[in-house]
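# Understanding the architecture of this molecule
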Amino acid sequence: METLRASDIRRVWSAAARVQGGIAQHDHDYFEIAVVTGGRSRHRTLYGESVLRARHVMLIPPGTWHAYAEADRLTVRNWGFRAEVVRRELAWLMDEPRFAALLWRRPTGDDAPPVTLGRFSPSAHQRAVALSDRVASLRPAQNVAAVATLLELLELCTQAMDAPRDQRDAPTPHRAVVAATALLLERYAEDWTLPALARAVHVEPSYLTRLFSLHTGRPPMAYLGRLRLERAAALLLSGDQPVGEIGLSVGLDDPNYFARRFRQQFGVSPSRFRDKHP
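So, here is what we can say about the structure in this document. Just so it is clear, the structure is predicted and the values come from calculations on it, not from any experiment.

## Some remarks on the side chain of serine 41
Looking at where serine 41 falls in the secondary structure, it is placed in strand E2 (residues 31-45). Using a relative accessible area of 0% as the deciding quantity, one classes serine 41 as buried. In terms of polar contacts, serine 41 uses its side chain to reach the backbone carbonyl oxygen of alanine 69, at 3.1 Å.

## What about the pairing of strand E3 (residues 48-53)?
Look at any regular strand and the pattern is simple: side chains alternate between the two faces of the sheet. Where E2 and E3 come together, six bridges link them in antiparallel fashion. The residue bridging arginine 42 from the neighbouring strand is valine 51, located in E3. In textbook terms, the turn of a hairpin is the stretch between consecutive antiparallel strands, and for E2 and E3 this stretch comprises two residues.

## Brief notes about the pattern of salt bridges
By the definition in use, this model includes 10 salt bridges. For arginine 11, the salt bridge goes to glutamate 89, with nearest N and O atoms at 3.2 Å. Residue arginine 11 is located in the segment before strand E1 (12-26), and its partner glutamate 89 is located in the loop between helix H1 (83-87) and helix H2 (97-103); the two are separated by 78 residues in the primary sequence. Residue classification places glutamate 89 among the partly exposed positions, given a relative accessible area of 28%. Residue aspartate 72 pairs with arginine 73 through a salt bridge whose shortest N-O separation is 3.4 Å.

## Details of the packing of helix H9 (residues 220-238) against helix H11 (residues 255-266)
Axes are the key here: two packed helices are described by the angle between their axes and the distance separating the axes. For the pair H9 and H11, the least separation of the axes is 10 Å and the interaxial angle reads 90 degrees. Judged on the interaxial angle alone, H11 and H9 are roughly perpendicular. In contact with Arg226, Leu229, Glu230, Ala232, Ala233 and Leu236 of H9, H11 contributes Phe258, Arg261, Phe262, Gln265 and Phe266. Residue classes in the contact of H9 with H11 are distributed as seven nonpolar, one polar and three charged.

## Some points on helix H3 (residues 122-137)
Helix length check: H3 (16 residues) gives 23 Å between terminal C-alpha atoms against 22 Å at 1.5 Å per residue, within 8%. Buried within H3 we find Ala124, His125, Ala128, Val129, Leu131, Ser132 and Val135. Along H3, the residues classed as buried sweep out an arc of 160 degrees about the axis, all on the same side. Residues of H3 that are exposed and point more than 90 degrees away from the buried face comprise Pro122, Ser123, Gln126 and Ser137. On its buried face, H3 is in contact with E1, E2, strand E5 (66-81) and helix H4 (143-160).

Thresholds applied
Residues numbered from 1 in each chain as written. Predicted model: local features only at pLDDT ≥ 70, side-chain atom pairs only at ≥ 80, totals over all residues. Heavy atoms only, no water. Helix = DSSP H or I, 4+ residues; strand = E, 2+ residues; numbered from the N terminus. Buried < 20%, exposed > 50% of the residue type's maximum accessible area, 1.4 Å probe, protein only. Polar contact = N/O pair within 3.5 Å; in protein donor to acceptor, adjacent residues only side chain to side chain. Pairing = 2+ DSSP bridges. Salt bridge = Lys/Arg side-chain N within 4 Å of Asp/Glu carboxyl O. Axes fitted to C-alpha atoms, helices over the stretch in contact; angles between N-to-C directions. Parallel < 35°, antiparallel > 145°, perpendicular 65-115°, else oblique. Contact = heavy atoms within 4.5 Å. Nonpolar A, V, L, I, M, F, W, Y, C, P; charged D, E, K, R; others polar. Expected span 1.5 Å × (residues − 1). Arc of directions from axis to C-beta.

Given below as structure tokens:
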């Protein structure tokens, strides 16, 4: 499959891909929307797998480890857009419950699946392919047109992807929570503190903690801790970088603390996790 690479000025992009056999474990630092146009495959994440066929669509958040296996003539239109697009150009969408449920998945537990899966109707699928072609034809600097096209695709996705009932009934996330989670997705390895994060989203630390706990079930620093561990798991599975270096790269400087927290999250040590998922 072709790896999507965007220039510094491109915020939304799309490319066609063909897969036979599979694609090894990997992750991205951007949101990905994968529109399946033909063939079949198994799609795997840290929390399970699903079978993909034509007209399926997935939204994959940044930092989510995933892989394709047993792919048989799989064809996909891949979209990418950076977390900062959600935090900036699309921030107003968080006031719309349908879009909030799509772009901002409220955790429902430690095993909450990060990938949203749905299936387009034939007409919606045809439109999604046309939108992909439009974005692929744009020049890198045509960000306004690209974001406008992404909005139309997201509208189609809200119709195809049915959020779980507890997410449909949940309160729309506060803008400060959306902005804070987007910042942590973009800059998870930085030495964040609660006061620094609260200043970045223009609220008081105690208020941010209350908001974050309401919408995610955990305070901001706990959310960041889990995000770092999931990024570490993706790195363990996508290369041969030493375990200690992986901990440093995700912002966990103490090797013993990193190993202990990783075992608490995934049930095994980082080294054993890598051995179990060759």
